[in-house]
Amino acid sequence: MPTVSHLIKRLQKQDEIWVSDSEEEDEPVVMPCIPSTSKANLSTPSNEDESEGSEDKSESDPDWVTDSDMTGTGSSDMYSVVDESLGYVTSEDGSLIGEVVKEAILEATLEDMQIGDYRDLPSMDRARKRTILQNTDLATLRRLQLRKLIDEIDVGAILLDRLDQDLRRMTLNAPSVLRMMELTDTLISGSFVYPILIRGVLTPNDLDMITTTSTYDMVLSYLKKKGYVNCKEVYPQGQATRRGRGRGSYASNLEDISIIFELWNKKGYKINVIVSEGRPILPILQYHSTPVMNYIAYHGIVCLYDITLHQFGIMNYTDPSIRAIRCVVKYRGRGIDISNQLEDEHTCKIDGCCAQTIRSLFDRDVIHVRFPDSADVPHTQLRKSEADIAVWRLATGALCKAPTNDEAGFALCDNRYTVLRR
């Protein structure tokens, strides 16, 4: 079975990758190749298709790259902030770092923020804490929360501030957008979510909104009133007949997506409105890799794989398309290590980050930070607004360390079921 690294090697044409941080025609940013865990170099695939897809010069290849026997124990359905996994902190050689070293890292982080004593944090007012911690990554915020130096309201307020800041850059604002999302059953997904979790990794100039067939017209109307007046349907109208060609080649299989619209404002910012055939979370469960399997809902931010917070990820393809490889190259170019399997020692079919494990939106391995206005509502009740049933397994389980007869992944969301053979 071909691995991602083999396919990237096959497509390799040069020693550098080209990454643009803007939708505009900026000077290209040239970055050195970053080796994968399998030692294969990465580069942008051949541009043989560029003549037919010349519009695809934007910073972000879309993350909804989807192709068309549930076994295993799966992760626990219990949810508790105290019991949640803290994710993986590894050394340069990939080995796990002990708790002592983790604490040393936390102390150094606090020292960098000019916090000399842990006991200073609980005594600060919330506004002061938000100012000091505004650029702190979510992994560190969670460790501070588990140490009871801050609480979830502090963390949620910090993430909400970041969301508002990034939306205002696109001439929107968080209170208005979140209200619209609540009324229209809409989620924000894709690369726009990542810098809310970890500041300084990337700055996307577009965002993806996933909504339903019954509410997308309200979403379009709202965005047009906010200045996104140039609207174009790019799928299915723009779908090409050949895989990987044309503007419609957002994905090699879009069976769970009904329509995709692109909306632009006068400043050149773009919003993709993706209309799901089922629940809006369904396309997210089929994204190309775990670093983008996150979303923003009206009630908070949800991260499905905690290794995302430490810039690690696992592929959701065993035989990815060229576009899927381009997506992975983009994220690896920003220091996010994406491989075919969880490299750390773990128990397959049990560990929440193992590709063989059957996962649920309601298991304890999901990270869910509520915004302050929803802090009094139980986590599970809030996530029920996304789906009553959301269960999935990655497509790369057969590439993990333990032998398995499961050679396909799947996504089950309420009344829709998709097998991921890719």
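Scroll up to find the structure.
Structural notes, computed from the coordinates. Note that the structure is a prediction, hence the values are computed from the model and not measured.

Points about the state of the cysteines
Moving on, step 1. Inspection of the entire model under this criterion finds 0 disulfides.
Moving on, step 2. Looking at C303, it has no disulfide partner, and the nearest cysteine sulfur is the one in C353, 8.7 Å off.

Considering the environment of E345
Moving on, step 1. For E345, the location among the structural elements is in the loop between β11 (337-339) and β12 (359-360).
Moving on, step 2. Residue E345 is classed as exposed on the basis of its relative accessible area, which comes to 67%.

Re the pattern of salt bridges
Moving on, step 1. Applying the stated rule across the entire model yields 14 salt bridges.
Moving on, step 2. Here R279 makes a salt bridge to D185, at a shortest N to O gap of 2.6 Å. Of this pair, R279 sits in the loop between β7 (270-276) and β8 (294-297) while D185 sits in the loop between α7 (174-184) and β3 (187-189), placing them 94 residues apart in sequence.
Moving on, step 3. In this structure, R359 engages D363 in a salt bridge whose closest nitrogen and oxygen atoms are separated by 2.8 Å.

Some points on the environment of G156
Moving on, step 1. In this fold, G156 is placed in helix α6 (residues 152-169).
Moving on, step 2. For G156, a relative accessible area of 0% puts it in the buried group.
Moving on, step 3. It is 5.9 Å that separates the C-alpha atoms of G156 and V369, two residues lying 213 residues apart in sequence.
Moving on, step 4. Setting aside residues no more than four positions away along its own chain, G156 makes contact with V369, R370, F371 and P372.

Some remarks on the packing of helix α5 (residues 138-146) against α6
Moving on, step 1. At a closest axis distance of 9 Å, the pairing of α5 and α6 adopts a crossing angle of 160 degrees. Between α5 and α6, the crossing angle belongs to the class labelled roughly antiparallel. In the crossing of α5 with α6, the sense of the turn from one axis to the other is right-handed. Where α5 abuts α6, its residues L138, L141 and Q145 lie against E152, V155, I158, L159 and R162.
Moving on, step 2. Of the residues contributing to the contact of α5 with α6, the split by class is 5 nonpolar, 1 polar and 2 charged.

Here we look at the sheet that holds strand β15 (residues 409-413)
Moving on, step 1. Spatial ordering of the open sheet is given by β12-β14-β15-β16, a layout of 4 strands whose pairing is antiparallel. Of all strands in the sheet, those bounded by a partner on one side alone are β12 and β16 (416-420).
Moving on, step 2. In this sheet, β15 lies alongside strand β14 (residues 390-393) in antiparallel orientation, the contact comprising 4 bridges. Within β15, the residue paired with W392 across the bridge is A411.

Focus on the packing of α7 against helix α9 (residues 216-225)
Moving on, step 1. Packing of α7 against α9 leaves a shortest axis separation of 10 Å and a crossing angle of 165 degrees. Comparing the axis directions of α7 and α9 gives the class roughly antiparallel. The crossing of α7 and α9 is right-handed. Here S176, V177, M180 and T184 of α7 come into contact with α9, specifically with M218, V219 and Y222.

Quick word on the packing of aromatic side chains
Moving on, step 1. Scanning the entire structure with this criterion turns up 4 aromatic pairs.
Moving on, step 2. A ring pair is formed by Y305 and W392, whose centres lie 6.4 Å apart and whose planes are at 70 degrees; its orientation type is edge-to-face. You can see Y305 sitting in the loop between β9 (300-303) and β10 (312-314) and its partner W392 sitting in strand β14, a full 87 residues away along the chain.
Moving on, step 3. The ring of Y305 has R359 sitting right over it, with the charged end atom 5.0 Å from the ring centre.

Considering α5
Within an α-helix, residues lying three or four positions from one another point in the same direction, as the helix has 3.6 residues per turn.
Moving on, step 1. With respect to burial, α5 is a largely interior element, 8 of its 9 residues being buried.
Moving on, step 2. For α5, every residue scored as buried is listed here: L138, A139, T140, L141, R142, R143, L144 and Q145.
Moving on, step 3. Put simply, D137 is the residue that caps the front of α5, since its side-chain oxygen is 3.2 Å from the backbone nitrogen of A139.
Moving on, step 4. At the exit of α5 stands K148, carrying a positive phi of roughly 65 degrees.

The rules behind these values
Residues numbered from 1 in each chain as written. Predicted model: local features only at pLDDT ≥ 70, side-chain atom pairs only at ≥ 80, totals over all residues. Heavy atoms only, no water. Disulfide = S-S within 2.5 Å. Helix = DSSP H or I, 4+ residues; strand = E, 2+ residues; numbered from the N terminus. Buried < 20%, exposed > 50% of the residue type's maximum accessible area, 1.4 Å probe, protein only. Salt bridge = Lys/Arg side-chain N within 4 Å of Asp/Glu carboxyl O. Contact = heavy atoms within 4.5 Å. Axes fitted to C-alpha atoms, helices over the stretch in contact; angles between N-to-C directions. Parallel < 35°, antiparallel > 145°, perpendicular 65-115°, else oblique. Left-handed = near helix turned anticlockwise from the far one by under 90°. Nonpolar A, V, L, I, M, F, W, Y, C, P; charged D, E, K, R; others polar. Pairing = 2+ DSSP bridges. Phe/Tyr/Trp six-rings, centres within 6.5 Å; stacked < 30°, edge-to-face > 60°. Lys NZ or Arg CZ within 6 Å of the ring centre and 35° of its normal. Polar contact = N/O pair within 3.5 Å; in protein donor to acceptor, adjacent residues only side chain to side chain.

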